Amino acid sequence: MAEEKNYDVAIVGYGPSGATAANLLGQLGLKVVVLERDPDIFGRARAISIDEEVLRIWQSVGLAEQLQRDMLPNRPLTFVDSTGRPFVRLALTPRGSGHPPQQFIYQPAVDQVLREGVGRFPNVEVLLEHECLRVLTKGDKVELMLADLKTDTFKRLTASYVIAADGGGSAIRGQLGIGYAGRTYAERWVVIDTEMLQPWENHDALRFHCNPARPTVDCPTPLGHHRWEFPALAGEDDRTLLQPEAIWKVLNDQGITEQHVKILRSVIYSHHVRVADRWRAGRVFLAGDAAHAMPPWIGQGMCAGVRDVANLCWKLAAVVRGQASEELLDSYQVERQPHVTEVTRRAVFVGRVITERRQWVAAVRNHVLRTLSRVPGLIRAGQRFYWVPEPHYARGFFATNPHLATGRLIPQPLVVDGECATARLDDIIGGRWTLLYTGQKPPGAQRWEQLGIPSLAVHRATVPPAPGTVVDRTGALNTWLAAHGAAAVVLRPDGFVYGAAQSDEPLPPPPHGLAGCGKAAAAPSTRTGATA
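Nothing here was measured: the structure is a model prediction, and the numbers come from that model.

Structural notes on helix α7 (residues 244-253)
Stage number 1. Of the positions making up α7, those classed as buried are Ala 246, Ile 247, Trp 248, Val 250 and Leu 251.
Stage number 2. Each element contacted by the buried residues of α7 is listed here: β12 (180-196), β15 (225-231), α6 (238-241) and β16 (261-276).
Stage number 3. Positive phi shows up at Gly 255, right after α7, with a value of about 85°.

If you want it as C-alpha cells, here you go:
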C-alpha cells in the first residue's frame, strides 16, 4: 500500500466536467487530485456543441480563446422535410455572455486543451490509469481506495471533498447506493463520424432531416470532421447497421459519396433521461452524467456538466478556505437540478419534433412550422421557450428579498476599466464577489465592502474611465440592469446575482458566515482576448 496523501478535493473522472473542475479548483489554489482509469483522451467525438455560457466558464480559466480556434461558431440550424425542403431555418440569438450562442466542437480537441490547462497548476495532480474502487467518509475526510492499473498495486488517499464526474455509469454513485431514476429509450441510434474530403452544399449547417421513414441528424464538426446520426428501424440488427454497406446506403440517401467523406468510426447508443436521486452524499458530489443524462437534441449533455462544476467549485473553495459554512454546499442541487430538468424537457420536445414517425402528423408539423416561420421574428423570439433556457436559479444561495434580478446570470459586455483598458466584464471582476451599481453607491454597500468585496460604479459611455468604475461602452449592462429594475447588484463568484436593490433602496445584507471573500481567483496563464 502506497503512502497516503491528503487533498482538498479529489475529482473522479477526467472528461470535460472533471477537467473543467480541475481548472477551476486549480485556479482557486486548492490542492486537487484527478483520478482517471483510462490512459488517454477518449478518441471518439461524443458531444458536438457548446453554448455561450459554457465558453464563458472556460473563459474564466483563461482557455476560451485557445478553445475557440478549433470551433465552428454561428452555423445555421435547418429543419427539412422528407424531400429536403426546409420548413424552419434558425440562427440562434446570443444572450449577452460575450461569445457566439452556439459553437460546434470536436470533443477530443476540447479535452486536450482542457487537460493542457490543468497542467498550468502545480497544485493539481493527475493520476491516469487509476481506478477508484471505494469511497468511504471518515469524519471530516473521504478515504479513496485506488487501483494503479499500470503497476497493479493499490493506493489510498484522502480528500476533504470528492467530485464524482465519472459518467452515466458512475461507479461512485453505485457505491453510495444513489438511485438513477428515469428511462432509457428503446430506440437505438447509429452515430457515424467522418473525415470530410470534399465539401458539399450545406456541409457547414446543422440539418435535422425530419423524415418519418428515417429521421437523420446531419451535423458539421470542426477540424475537417462531419457527423450523421440516425435511428435503427424495427428489425434491423446492430451488427448489420454498422457494416460499411449499410452506412453508405444512409449517406448516399443524403447525397454523400466516398468522394465527400471517409468513415472514421460508427457506434450504436441509446438516449437516456435520468436524474440521480441526490447529488450530494455527505462530502461526495455527483456532477455531469453521473448526476443526470439527457437526449442530445439541443446539445446540452456536456454543457450541463460544465455548468454543474462551475456552480459547485467556487462553493467548495469558499468552504475549504473558511469563507463560508458547509451549508453553502446544500445549494448545489437546489440550484442546478431545476435548470437541468427544464433543459431535458426541451431536449425531449425538440427530439419529438424531429423524430415524428406518423406521416400525417409530420405533414401538419411541416405546414404549421413553415407558416409560422414566415412571420418575421417569430421563430427567433420563440427560442426562449423551446431552446436552451435562460440561466436562472429560482432558489438557492441568494438574498431572501424578492427582486427580479436575483438568481440570474449577469451579461458580459465589453467594458472599459479604470485604467482605460477594454475587456470583457468577467475578466475585470476576476471571479470574485463584486458589487456593481449605477448612480450613487447604495445604502448597505458598506457592509459588503467591510468583507473586502470590491464595488464598481457602472457608467455609461459618455463618462470617462476612473478608478473604481467600469464604463459600459455598448450600454448592454445598463440596459440589462434597468430592465431588471436594479440600480445595484451583488455578484457571486460565478456571475449570478446574489441580491439586488432598486434606486435608493438598501442592499440586502451579506449572508451569515460569509467572510474574506474579496480575494480574486489567481490569474491563469492565458487570458481571453477582448474582442467580441
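A word on the sheet that holds strand β6 (residues 86-90)
Picture the strands of a sheet paired through backbone hydrogen bonds; they go either parallel or antiparallel.
Stage number 1. Here we have eight strands laid out as an open sheet, ordered β6-β5-β13-β14-β15-β12-β16-β19, and mixed in their pairing. Among the strands making up the open sheet, the edge pair consists of β6 and β19 (292-293).
Stage number 2. In terms of strand pairing, β16 meets β19 through two bridges, oriented antiparallel. Residue pairing in the sheet places Arg 274 in a bridge with Ala 293 of β19.
Stage number 3. Where helix α9 (residues 331-355) meets the sheet, it contacts β5 (77-80), β12, β13 (206-209), β16 and β19, and its direction lies at approximately 125° from that of β16.

Details of the packing of helix α1 (residues 16-27) against helix α8 (residues 301-320)
Stage number 1. Packing of α1 against α8 brings their axes to within 9 Å, and their N-to-C directions diverge by 25°. The orientation of α1 with respect to α8, classified from their angle, is roughly parallel. The chirality of how α1 crosses α8 is right-handed. Note on element contacts: α8 touches α1 through Met 302, Gly 305, Val 306, Val 309, Ala 310 and Cys 313, opposite Pro 16, Ser 17, Thr 20, Ala 21, Leu 24 and Leu 25.
Stage number 2. Along the lines of polarity and charge, the residues of the contact of α1 with α8 split into nine nonpolar, three polar and no charged.

Digging into the domain arrangement of the chain
Stage number 1. Domain boundaries in the chain define domain 1 (6-69 + 105-181 + 277-343) and domain 2 (408-501).
Stage number 2. Placing the centre of domain 1 and that of domain 2 at their C-alpha centroids yields a distance of 30 Å.
Stage number 3. Between domain 1 and domain 2, the contact holds eight residues from the first and 12 residues from the second.
Stage number 4. Between domain 1 and domain 2 the total buried area reaches about 810 Å² when both faces are included, carbon and sulfur atoms providing 43% of it.
Stage number 5. Sorting the residues of domain 1 by area buried against domain 2 places Arg 56, Gln 59 and Trp 314 first, and these three jointly supply 76% of that buried surface.
Stage number 6. Taken together, the links from domain 1 to domain 2 amount to two salt bridges.
Stage number 7. With its nearest N and O atoms 2.7 Å apart, the salt bridge here joins Asp 426 to Arg 56.
Stage number 8. The tally of links between domain 1 and domain 2 comes to six residue pairs in polar contact (both at pLDDT 80 or more).
Stage number 9. Of all the secondary-structure elements, those providing two or more residues to the side of domain 1 that touches domain 2 are α2 (52-59) and α8.

So, the packing of aromatic side chains
Stage number 1. The final tally for this structure, using the stated rule, is 15 aromatic pairs.
Stage number 2. Where Tyr 161 meets Phe 285, the ring centres are 6.3 Å apart and the plane angle is 50°; that geometry is what we call tilted. A residue pair is termed long-range when its members are at least 10 positions apart, and Tyr 161 in strand β11 (residues 153-164) and Phe 285 in strand β18 (residues 284-286) qualify at 124 residues. Like Tyr 161, the residue Phe 285 is buried in the burial classification.

Criteria and thresholds
Residues numbered from 1 in each chain as written. Predicted model: local features only at pLDDT ≥ 70, side-chain atom pairs only at ≥ 80, totals over all residues. Heavy atoms only, no water. Buried < 20%, exposed > 50% of the residue type's maximum accessible area, 1.4 Å probe, protein only. Helix = DSSP H or I, 4+ residues; strand = E, 2+ residues; numbered from the N terminus. Contact = heavy atoms within 4.5 Å. Pairing = 2+ DSSP bridges. Axes fitted to C-alpha atoms, helices over the stretch in contact; angles between N-to-C directions. Parallel < 35°, antiparallel > 145°, perpendicular 65-115°, else oblique. Left-handed = near helix turned anticlockwise from the far one by under 90°. Nonpolar A, V, L, I, M, F, W, Y, C, P; charged D, E, K, R; others polar. Domains from an automatic or database assignment. Buried area = accessible area lost by both parts, 1.4 Å probe. Salt bridge = Lys/Arg side-chain N within 4 Å of Asp/Glu carboxyl O. Polar contact = N/O pair within 3.5 Å; in protein donor to acceptor, adjacent residues only side chain to side chain. Phe/Tyr/Trp six-rings, centres within 6.5 Å; stacked < 30°, edge-to-face > 60°.

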